[in-house]
Amino acid sequence: MRPSGGWMTAVSEDRNGDDRLIRESGIEARVAAIIIPVLGAIGYRLVRVRMTAQDGATLQIMAERLDGTMTVEDCEEVSRALSPVLDVEDPIDTAYQLEISSPGIDRPLVRKADFAAAQGHLVKIETSVLLDGRKRFRGFVVESDEETVTIEPETAEEEGDEDVLFGIPFEAIAEARLVLTDELVRDALKQEKEERRERKRNRRPSASERAAQRSAKQNATEPAGNEEPGSHAEGE
């Protein structure tokens, strides 16, 4: 698929450690530059920054753990870490509310790894340049590599055109996200269940740890020694 018009420069990881394909501009870019190192230091990564006019002005920061998870407790931790930094750096010259959120099930796709994880699922992609006369694409992710994501149009099967595939260069992507479907919800719930099971397993002590705990408890309840009453030395 050949682009028409301008061509974006390849996005690589910058000095700030930003490996996202899709990045912000203006005030949002200044905020991203400030918070990315802070997020990295506490085990999170940035998904998206967005400034909206909601409730006067709201700074929306979407983040996640390195494994893609994000709980309510995680959002609170990120808020506590970012608030004082943003107060000091003061990148926004107006009063605003800070809002921390997870990417959600129908998440934005901002890294190459996001597209790889979305294989088999329905996505919407908008490009910054014309590709075969269009900028908007909707289809199922077939595969992705270092340079391109390949999708099968959503209507291909209905139209009997299953051999039609679109190869979209990452460099040309302006916006992309998963589309909420029953299959996506099922997969997300299954993954969440597995993650809960894994967290529970990690919290549970191993057999050797349980044995050590029993031994320590037993030792704590036994007499300290075989001393007879009155055998303690007394001061004169």
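Refer to the structure presented above.
Described below are features of the structure shown in this document. (Residues numbered from 1 in each chain as written. Predicted model: local features only at pLDDT ≥ 70, side-chain atom pairs only at ≥ 80, totals over all residues. Heavy atoms only, no water.)

### Describing the environment of Glu146
Here comes step 1: Secondary-structure assignment places Glu146 in the loop between strand E6 (134-144) and strand E7 (148-153).
Here comes step 2: Along the backbone, Glu146 and Phe170 are 24 residues apart, and their C-alpha atoms lie at a distance of 8.3 Å.
Here comes step 3: Excluding its chain neighbours within four sequence positions, the residues that come into contact with Glu146 are Lys112 and Phe170. (Helix = DSSP H or I, 4+ residues; strand = E, 2+ residues; numbered from the N terminus. Contact = heavy atoms within 4.5 Å.)

### Comments concerning the packing of aromatic side chains
Here comes step 1: Throughout the structure, instances matching the rule amount to two aromatic pairs.
Here comes step 2: Judged by centre distance (5.4 Å) and plane angle (70°), the rings of Phe137 and Phe166 are edge-to-face. Residue Phe137 is found in strand E6, and its partner Phe166 is found in strand E8 (residues 166-169); the two are separated by 29 residues along the sequence.
Here comes step 3: A relative accessible area of 3% means that Phe137 is categorised as buried.
Here comes step 4: Of the residues examined, Phe166 reaches a relative accessible area of 15% and is grouped as buried. (Phe/Tyr/Trp six-rings, centres within 6.5 Å; stacked < 30°, edge-to-face > 60°. Buried < 20%, exposed > 50% of the residue type's maximum accessible area, 1.4 Å probe, protein only.)

### Section: a negative patch on the surface
Here comes step 1: A cluster of acidic residues, Asp87, Glu89, Asp90 and Asp93, forms a negative patch on the protein surface.
Here comes step 2: Summarising the element assignment, Glu89 is placed in helix H2 (residues 72-89). (Patch = residues over 30% accessible without salt bridge, like charges linked within 9 Å, V, L, I, M, F, W, Y side chains within 5 Å. Areas by Shrake-Rupley, 256 points an atom, 1.4 Å probe, with all protein chains shown as cover. Salt bridge = Lys/Arg side-chain N within 4 Å of Asp/Glu carboxyl O. Lys, Arg positive; Asp, Glu negative; His and termini not counted. Charge placed at Lys NZ, Arg CZ, Asp CG, Glu CD.)

### Here's the deal with the side chain of His121
Here comes step 1: With respect to the secondary-structure elements, His121 resides in the loop between helix H3 (112-117) and strand E5 (122-131).
Here comes step 2: A polar contact is formed between the side chain of His121 and the side chain of Asp187, at a distance of 3.0 Å.
Here comes step 3: The residues touching His121, leaving out its near neighbours within four places in the chain, are Gly139, Phe140, Val141, Leu178, Glu183, Leu184 and Asp187. (Polar contact = N/O pair within 3.5 Å; in protein donor to acceptor, adjacent residues only side chain to side chain.)

### A look at the sheet that holds strand E4 (residues 97-101)
Here comes step 1: Strand order in the open sheet formed by three strands is E2-E3-E4, and the pairing between neighbours is mixed. In the strand order of this sheet, the two ends are held by strand E2 (44-52) and E4, each with one partner. Neighbour to neighbour, the strand axes of the sheet diverge by 20° on average, direction disregarded.
Here comes step 2: Taken together, the five bridges between strand E3 (residues 58-65) and E4 define a ladder with parallel strand orientation. Residue pairing for E4: Leu59 is matched across the bridge by Leu98.
Here comes step 3: Across the sheet, helix H1 (residues 26-41) touches E2 and E3, and the angle it forms with E2 is around 155°.
Here comes step 4: Each of E2, E3 and E4 is contacted by H2, which is oriented at about 145° to E4, the strand it contacts most. (Pairing = 2+ DSSP bridges. Axes fitted to C-alpha atoms, helices over the stretch in contact; angles between N-to-C directions.)

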